[in-house]
2 protein chains.
Amino acid sequence: MSETTAVLDAKEIVVRPAHSESLRESLVAVLGAAHVQTDEREVEAVSRTNLPFRRVPVAAVYPSTAEEVQAVLAVARAHGQPVWVVSKGKNWGYGSKSASYAGGITMILERMNRIHEVNEELGYAVIEPGVTYGQLRAHLEATGSRLWTDSTGSTREGSVLGNALDKGRGVTPYADHFGALCGMEVVLPDGERVVTGGAGEGNRVWAAYKWGLGPYLDGLFAQSNFGVVVKGGIWLMPAPEAFDFAVFEYTAGPECFGSFVDAFRELAFAGDLQARPHLANDFAMSCIVSQYPYDLRGSATCLSPEAMAAWRKRLGVSEWTFGCGVYGSREEVRMRKRRLKRVLGRYGTLRFLKHWNTPGLFGRAFRAAAKLGLRLQGKSPQLLAGLSEAIELFRGVPTDYFSRQVYFMSHDAKPEGDVDPPRDGCGFVWTGPLVPFTGRDAERLLALVKPIYAKHGFDFFVELIVESPRALIMLFGMFFDRNDPRECERARALYEEVQAVARREGYPPYRSSIASSAATMDGDPAMKGLLAKVKGALDPENVLAPGRYGIVAPPR
Amino acid sequence: MSETTAVLDAKEIVVRPAHSESLRESLVAVLGAAHVQTDEREVEAVSRTNLPFRRVPVAAVYPSTAEEVQAVLAVARAHGQPVWVVSKGKNWGYGSKSASYAGGITMILERMNRIHEVNEELGYAVIEPGVTYGQLRAHLEATGSRLWTDSTGSTREGSVLGNALDKGRGVTPYADHFGALCGMEVVLPDGERVVTGGAGEGNRVWAAYKWGLGPYLDGLFAQSNFGVVVKGGIWLMPAPEAFDFAVFEYTAGPECFGSFVDAFRELAFAGDLQARPHLANDFAMSCIVSQYPYDLRGSATCLSPEAMAAWRKRLGVSEWTFGCGVYGSREEVRMRKRRLKRVLGRYGTLRFLKHWNTPGLFGRAFRAAAKLGLRLQGKSPQLLAGLSEAIELFRGVPTDYFSRQVYFMSHDAKPEGDVDPPRDGCGFVWTGPLVPFTGRDAERLLALVKPIYAKHGFDFFVELIVESPRALIMLFGMFFDRNDPRECERARALYEEVQAVARREGYPPYRSSIASSAATMDGDPAMKGLLAKVKGALDPENVLAPGRYGIVAPPR
């Protein structure tokens, strides 16, 4: 067909209407009725997000094989409908399963959940996009593997490949999920299937050597719309001989914060900081462990500095906190702990709490003593409740514990199980600008963004995520009432201003949400033009997620 | 213009003849006569290689700015001549400055040698493609930088960016040169200029955060022909507090070699092996330190096993040897040394020789004692002569010492200075198949390739290069008389058979030489098709190095 399926006007992709009945028939013919949703209520539920933004598709489909992915693309082409692809769609706060445009087909790969191989010697797994952190970890444990997953702190149900393709993060030494991705099998928009690595199917280093032969193409399929990754290799960390867990609380004055950030960087360069922790501010830490203190807020839209101080005191939370794993041989762990203590001790309190999770009598005794000590230092029971999950997360064990945090404003309590923030109407959105890992840059962006929160009347939620020794992700969270259109509007204004200011100052986000995806490349016409050329070559009809990350084929 | 400048027939790119005089005039108009070579003797000298393969261009040009690169591309397009690009062209044994086809323009970027920035805090430099290892190191030393370069073992004169774009390797913890590349400025074949990273010019994390925003495109410009990288960021390692140097000699029997390789991998996984050493076989080690023993060979074309054993004994060389740096705080270096010794001691002799390079009385005393000890153990003076450079190389100090090795057959002695193997007619070619880092795979490929050398009558030269904990590069070297056509033919037959066998068995090379570049993707039609589509979009007229790594735009 010659007609383009989507066009980009100044601001948005406009999808032409589908002939729903014949589209449904074609999709059912290739997938079976059980795996096609076109009912209005179904597609509404599928497309729910936590953002002040969502778009409803015409159909949601659930292929189970690469062949079915190819068949869906063929149907989409024939019907002139674009296909938005998610693996599990658990990227809460970035868009979940919603496209960035209205209409079209949403393809959810959750049924493609086979674990093809776990290589114990070389430390990798070959998996499909529906494989979750929880599933992979359970598989490794059941088979007695020596290998650890890394996991996001978000949910056990997240897709390992999906998160990696979105350049998501974990917290262990294998936190760089895209960096740990090695070898892909991809269905291209025209239905062709290609294996990356430059040496075809029989390539024995496909999942062992990252850069392949010839140009390194895996990067083309991250944060983009050039193909559907149907299989991939993910590197796994051999369990270290020893492990410990540190909790740091910043107690120095604000005048020391910049030099603390610089010292933190040097620990990462030296290898003493092996994990990739999140340094959470007081508000971020408090809402992980508690519900929103409406009693302290009064009639304002956010906590006053005094109210925040009172909440902090109530919970025993510091201005800045992080937890962090320590890994290696027994002697290496001892050495790293000494060195962390020497540097971080200058800025606050560092405690090692591995034995919190030790079973048996010794563990019970340790917990009792530590609890007593910490309570005497003003730490609330809530603050200690999540410790066990935090420790496990730094061993790569996925958990839903921390994502319960997003219920802290919209609900009376955090759920005990079955965490599903889009279904439950929690309103929040993330933006994570990258800054050079210097005290100067960190303080600069904090100083720019904090007043924007105050101006819009929002509580200031920020986590400094160690991306590498060279960069920090400054993750800003914004929480609001998803059911109140005015609140949505306020959140959207805050979100857009924070993004705009960060980008203007040279701090681009590490990923885009669906609310800002189409505009991602607007500040860089040369790059946008290059991407359009590649898109035009691989997907001239804009079948695959047009506009995702600003990538769209030009009209023909 | 609508005519394609190059076409791919079954085996080769055929470049249409140039109107030399008008081409020269156009090139001189943009670069000046001093920076254009079209004289037959000049282009002959430029295109010399060490391979049994080379192709002579019509012109060689030396732009000094990105604008001049753009101007040369415009001239090339206007004259229907393709442009082969090298930075310094010091990739001896892979092709030097020669294209993989005859004719066209060779563009040499050696005059683009500005160091734009060295970021001490974040550990990177922003440089142009003409910047050499030697130049960058000297700059760091002159400015009192805390940062180290990593360097190939080949030559001080190699291009830092050029080597990284070819996925070349060093030996320190920053050995993965493409991995250390972060942020690029690229001139596309149509003359457009683009900055990678997805956030345009003002991006403050351009050289600090590798994956950028949106698809990661830097990989597109490695081992390919999609653009000319005119500037790039390269990560540099902060000098560690302490350093030591280990030499390992394998003394266990051949039946232990597989388990030794597996133990070696586990040291890399655990972080005890921090460097990326080359494990050299007896022949490789011997020709680094000596000249070819024609007296031992007699009338054969290669050494018999007995002759090789005699040469080994004469020099005091073991069957397998590697040198390796140890890095970190003083306590970390002590710990790593203990752990290396514990594991490697089972398979051979491990000596720590840092003080070999210590100045002053202590160093002199150490050297005297060590020399005496090593001579008593049968080590020749030659074997010890290169130790000082080996130690420095593992501190990232570039040297021409080891590349002198390639003179071991063709000349009476290794040169004292001014190493230039293509000029001096040394005949050699490398191929480096990747194998999974297991004893099984290493032994398998050795067992496959060694008989091929014997069949063709060549001495077996191999180095096992630690690429990562998951992969080894098995670097095979082939040496021959470059001036004897029959020798060239023999070498070419060996080269092709080794490559074919390795690829058939699933071990692709980590890079292609110009002799095999055009056929790189022949075994993978789906990938070749994908690359052709991208090439067609970015360079429909095949202006830039058509056929490089098998990438060519389809006829229009």
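In what follows, the structure referred to is the one given above.
Described in the following lines is the structure provided in the data block. (Residues numbered from 1 in each chain as written. Chains lettered and ligands numbered in written order. Predicted model: local features only at pLDDT ≥ 70, side-chain atom pairs only at ≥ 80, totals over all residues. Heavy atoms only, no water.)

### Some points on the relation of the copies chain A and chain B
Each of the two chain copies can be generated from the other by rotation about an axis followed by a shift along it.
Part 1: Turning chain A through 180 degrees and shifting it by 0.0 Å along the axis lays it on chain B, with an RMSD of 0.0 Å. Both chain copies can therefore be described as sitting about a two-fold axis. (Least-squares fit on C-alpha atoms with pLDDT ≥ 70 in both.)

### So, helix H1 (residues 20-31) of chain A
Residue and element names in this part refer to chain A.
Part 1: Here H1 is 12 residues long and its end C-alpha atoms lie 16 Å apart, about the 16 Å a rise of 1.5 Å per residue gives.
Part 2: Its buried side turned inward, H1 meets strand E3 (36-37), strand E4 (59-61), helix H3 (66-79) and strand E6 (105-108).
Part 3: Directly beyond the C-terminal end of H1, a positive phi value near 85 degrees is found at Gly32. (Helix = DSSP H or I, 4+ residues; strand = E, 2+ residues; numbered from the N terminus. Expected span 1.5 Å × (residues − 1). Contact = heavy atoms within 4.5 Å.)

### Section: the environment of Thr152(A)
Residue and element names in this part refer to chain A.
Part 1: The residue Thr152 is located in the loop between strand E9 (147-148) and helix H5 (160-165) in this model.
Part 2: The exposure class of Thr152 is buried, given its relative accessible area of 8%.
Part 3: Along the sequence, Thr152 and Leu393 sit 241 residues apart, while their C-alpha atoms lie 8.2 Å from each other.
Part 4: Polar contacts involving the side chain of Thr152 include one to the main-chain amide nitrogen of Ser154, which spans 3.1 Å. (Buried < 20%, exposed > 50% of the residue type's maximum accessible area, 1.4 Å probe, protein only. Polar contact = N/O pair within 3.5 Å; in protein donor to acceptor, adjacent residues only side chain to side chain.)

### Points about the pattern of salt bridges
When the charged atoms of two side chains lie near each other, side chains of opposite charge can form a pair.
Part 1: Scanning the model with the defined rule gives 85 salt bridges over all chains in all.
Part 2: In this structure, the salt-bridge partner of Arg41(A) is Asp39(A), at a minimum N-O distance of 3.6 Å.
Part 3: Across the pair Arg404(B) and Glu416(B) runs a salt bridge whose closest N-O atoms are separated by 3.8 Å. Of the two residues, Arg404(B) is situated in the loop between helix H13 (387-393) and strand E18 (426-431) and Glu416(B) in the loop between H13 and E18; the sequence distance between them amounts to 12 residues.
Part 4: Its relative accessible area of 11% is what places Arg404(B) among the buried residues. (Salt bridge = Lys/Arg side-chain N within 4 Å of Asp/Glu carboxyl O.)

### What about the interface of chain A and chain B?
Part 1: At the interface, 90 residues of chain A touch 89 residues of chain B.
Part 2: Overall, the association of chain A and chain B removes approximately 6,900 Å² of surface from exposure, summing both partners, and the carbon and sulfur fraction of that is 61%.
Part 3: Applying the counting criterion to the chain A and chain B interface returns 16 salt bridges.
Part 4: Elements with a contribution of two residues or more to the side of chain A that touches chain B: strand E11 (193-195), helix H6 (257-270), helix H10 (330-344), strand E19 (434-436), helix H14 (439-456), strand E20 (461-468) and helix H16 (525-538) of chain A.
Part 5: In terms of residue count, H16(A) provides more of the side of chain A that touches chain B than any other element does, eight residues in total.
Part 6: The class makeup of the residues in the side of chain A that touches chain B is 43 nonpolar, 19 polar and 28 charged. (Buried area = accessible area lost by both parts, 1.4 Å probe. Nonpolar A, V, L, I, M, F, W, Y, C, P; charged D, E, K, R; others polar.)

### Looking at the environment of Gly457(B)
All names here are of chain B.
Part 1: Along the chain, Gly457 falls in the loop between helix H14 (439-456) and strand E20 (461-468).
Part 2: A residue is classified by how much of its surface remains accessible, and Gly457, at 10% relative accessible area, is buried.
Part 3: Taking the C-alpha atoms as reference points, Gly457 and Cys302, 155 residues apart in sequence, are found 5.7 Å from one another.
Part 4: In this structure Gly457 touches Thr301, Cys302 and Arg490, once residues within four positions along its chain are discounted.

### Observations concerning the packing of helix H7 (residues 282-289) of chain A against helix H9 (residues 305-315) of chain A
Residue and element names in this part refer to chain A.
Part 1: With their axes 10 Å apart at the nearest point, H7 and H9 run at an angle of 50 degrees to one another. Looking at the two axes, H7 sits oblique to H9. Crossing handedness for the pair H7 and H9: left-handed. Facing Asp282, Phe283, Ser286, Cys287 and Val289 of H7, the residues of H9 in contact are Met308, Trp311, Arg312 and Leu315.
Part 2: Class assignment of the residues belonging to the contact of H7 with H9 gives a composition of six nonpolar, one polar and two charged. (Axes fitted to C-alpha atoms, helices over the stretch in contact; angles between N-to-C directions. Parallel < 35°, antiparallel > 145°, perpendicular 65-115°, else oblique. Left-handed = near helix turned anticlockwise from the far one by under 90°.)

### Points about the packing of aromatic side chains
Part 1: As enumerated under the stated definition, the model contains 71 aromatic pairs over all chains in all.
Part 2: Seen in terms of ring centroids, Trp430(A) and Phe479(A) are 5.9 Å apart; in terms of plane orientation they differ by 90 degrees. Their pairing is edge-to-face. With Trp430(A) in strand E18 (residues 426-431) and Phe479(A) in strand E21 (residues 471-481), this pair connects stretches of sequence that are 49 residues apart.
Part 3: Looking at Trp430(A), the relative accessible area reads 11%, which means it is buried.
Part 4: In this structure an aromatic cluster arises from ring pairing among Phe248(A), Tyr250(A), Phe257(A), Phe260(A), Phe264(A), Trp320(A), Phe322(A), Tyr347(A) and Phe437(A).
Part 5: Note that Lys337(B) overlies the ring of Phe352(B), its terminal NZ or CZ placed 4.9 Å from the centroid. (Phe/Tyr/Trp six-rings, centres within 6.5 Å; stacked < 30°, edge-to-face > 60°. Lys NZ or Arg CZ within 6 Å of the ring centre and 35° of its normal.)

### Focus on the nonpolar core
Part 1: Formed by 338 residues in total, the largest nonpolar core has its most connected members in Phe260(A), Phe476(A), Phe260(B) and Phe476(B).
Part 2: In this view, Phe260(B) contacts Phe248(B), Tyr250(B), Leu279(B), Phe322(B), Leu344(B) and Tyr347(B); residues no more than four positions away in its chain are not counted. (Core = buried A, V, L, I, M, F, W, Y, C linked by side-chain atoms within 4.5 Å.)

### Section: the packing of helix H6 (residues 257-270) of chain B against H14(B)
Residues and elements named next belong to chain B.
Part 1: Across the interface, H6 lies against H14 with an axial gap of 7 Å and an inter-helix angle of 130 degrees. Here H6 is positioned oblique relative to H14, judged by the angle of their axes. When the axes of H6 and H14 are compared, the crossing they make is right-handed. When H6 is examined against H14, the residues Phe257, Gly258, Val261 and Asp262 are found in contact with a partner set consisting of Gly439, Ala442, Glu443 and Leu446.

### Observations regarding the pairing of strand E16 (residues 320-328) of chain A
Residue and element names in this part refer to chain A.
Part 1: Counting buried residues along E16, nine of its nine residues qualify, which places the element largely inside the surrounding structure.
Part 2: Burial along E16 is two-sided: the residues Trp320, Phe322, Cys324, Val326 and Gly328 and Thr321, Gly323, Gly325 and Tyr327 are all buried.
Part 3: Note that strand E14 (residues 242-250) and E16 share eight bridges and pair antiparallel. In the sheet register, Phe245 faces E16, and the bridge partner there is Gly325.
Part 4: Summarising the sheet, strand E15 (residues 278-281) and E16 pair through two bridges and their orientation is antiparallel. The partner of Ala280 across the bridge, within E16, is Thr321. (Pairing = 2+ DSSP bridges.)

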